[in-house]
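Chain by chain, the residues:
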Amino acid sequence: MYKLFYYPRNASWAPHMLLKEIGAEHELILVDRKSEQQKSSEYLKLNPTGRIPTLVDGDLVIAESAAICLHLCDSHPLI
């Protein structure tokens, strides 16, 4: 199951909609920017830049919205 670390109305919108469109089982995990959760040591272990979104796919961790979308499209081809 995918885990998408997100914040509403942020760059995580495209990966979130793509996960829904392809019907992939996923969990959304809120990263609260108001409390600067993206700077916590736990989140920085996943994404050292502290940017949102981050996708976890098993042992693979992907940051940056475009890279996440490319990975999802490669993993779930329509044909």
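Scroll up for the structure.
The shown structure was predicted, so the numbers you read here are calculated from the model rather than taken from an experiment.

Enquirer: For this particular structure, what's the right way to read helix H3 (residues 65-75)?
Expert: A turn of α-helix holds 3.6 residues, and therefore any two residues three or four places apart point the same way. Looking at H3, one finds that the buried residues are Ser65, Ile68, Cys69, His71 and Leu72. The arc enclosing the buried residues of H3, seen along the axis, measures out at 160°, which places them on a common side. When the buried face of H3 is taken as reference, the exposed residues oriented beyond 90 degrees from it are Ala66, Leu70 and Asp74.

Enquirer: Which parts of the structure should I look at to understand the environment of Arg33?
Expert: Considering the arrangement of structural elements, one finds Arg33 in the loop between strand E2 (26-30) and helix H2 (41-46). Counting along the chain gives 27 residues from Arg33 to Tyr6, while the straight-line C-alpha distance between them is 9.6 Å. Excluding its chain neighbours within four sequence positions, the residues that come into contact with Arg33 are Tyr7, Asn10, Gln38 and Ile52.

Enquirer: How should I be thinking about the environment of Leu72 in this particular structure?
Expert: Within the secondary structure, Leu72 sits in helix H3. Judged by its relative accessible area of 0%, Leu72 falls in the buried class. Along the sequence, Leu72 and Ile22 sit 50 residues apart, while their C-alpha atoms lie 8.5 Å from each other. Once residues within four sequence positions are removed from consideration, Leu72 is found in contact with Tyr2, Pro15, Leu18, Leu19, Ile22 and Leu55.

About the thresholds
- Residues numbered from 1 in each chain as written.
- Predicted model: local features only at pLDDT ≥ 70, side-chain atom pairs only at ≥ 80, totals over all residues.
- Heavy atoms only, no water.
- Buried < 20%, exposed > 50% of the residue type's maximum accessible area, 1.4 Å probe, protein only.
- Helix = DSSP H or I, 4+ residues; strand = E, 2+ residues; numbered from the N terminus.
- Arc of directions from axis to C-beta.
- Contact = heavy atoms within 4.5 Å.

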